[in-house]
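Residue-level structure breakdown
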Amino acid sequence: MQTVNRQRASTIHAVENPDSVRTYLPVVECPGQLIERGRSNLLHGNDAAVNRILHSTVFRAMCVSDGTVLWIDGGNTFNPYIIVELAERCGYDARKFLSRIRVARAFTAHQLNSISHSAITEAEMHGIMFLSVSSVAELFTGEVRWREGMDMLSNSLNGFGELTARHGCWTLMTTSVDVCGSNEMERIMSTAFDRITGVQSCNGSIEISADGEVPAVNRWNAHHHQRSLQEFEEEMC
């Protein structure tokens, strides 16, 4: 699935540097899918698929461009051994690749929200060329009340969007939450991202879906959280 937020795309322009490398970068294992500097992109699908693609795409970016990767890990999914394996397989010094990745892990919605704004200063200090945010939506649906979670999610995505536009970096985020049921989540996602690509892992291969819909969070996913009847009624008001 690939949708384009044309309103946002028309107002954000990648930072142009005549001496820089490429503007577009292929999303590894997703034929025909490109991410552009200064644009926000979301991968939506199951954990195995989006995590595999994110690691491979970050590695590809480091192969073709100098600079630092800022990895905001909201799902404890960053795996340095995957980067090491890819580097060694391609004949690179794995230690140099790992030294270019700065990881900030968030374990709560409030932490991820805070990081989304402090990351701008981090990017200015370290020459960020790639912003990676894994599990960008999950924390905002399980540990906080729905209204607060939606406000913080919107605020966080605005922070990441500002960083992306200001520094003209490649930006790729992931979410693996179920889809259905929330017009508000659809609105937040559709206005925050320039492109949303849905992927699934089937028998070890990656498949790209195309139903034209923006993903939303299922508030009643028992694997993530449980809500009281009173809180649910408050959300409906």
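What you see is a predicted model; the values in this text were computed from it and never measured.

Another aspect to go through is the overall build of the chain. Looking only at helices and strands, the chain has 9 helices and 10 strands in total. Burial status across the chain gives 51% buried among its 237 residues. Look at the contacts in the chain between residues 6 or more apart in sequence, and 79% of them connect residues 24 or more apart. Of the roughly 11,200 Å² of accessible surface on the chain, 48% is carried by carbon and sulfur atoms.

Attention now goes to helix 8 (residues 183-192). For helix 8, every residue scored as buried is listed here: Glu-184, Met-185, Ile-188, Met-189 and Ala-192. The buried residues of helix 8 all sit within an arc of 125° when viewed along its axis, so they share a single face.

Before going further, it helps to examine the environment of Thr-191. Topologically, Thr-191 is positioned in helix 8. Remark: the alpha-carbon pair of Thr-191 and Leu-157, spanning 34 residues in sequence, is separated by 9.6 Å. Here Ile-188 takes part through its backbone oxygen, which lies 3.2 Å from a polar atom of the side chain of Thr-191.

Cut-offs and rules
Residues numbered from 1 in each chain as written. Predicted model: local features only at pLDDT ≥ 70, side-chain atom pairs only at ≥ 80, totals over all residues. Heavy atoms only, no water. Helix = DSSP H or I, 4+ residues; strand = E, 2+ residues; numbered from the N terminus. Buried < 20%, exposed > 50% of the residue type's maximum accessible area, 1.4 Å probe, protein only. Contact = heavy atoms within 4.5 Å. Areas by Shrake-Rupley, 256 points an atom, 1.4 Å probe, with all protein chains shown as cover. Arc of directions from axis to C-beta. Polar contact = N/O pair within 3.5 Å; in protein donor to acceptor, adjacent residues only side chain to side chain.

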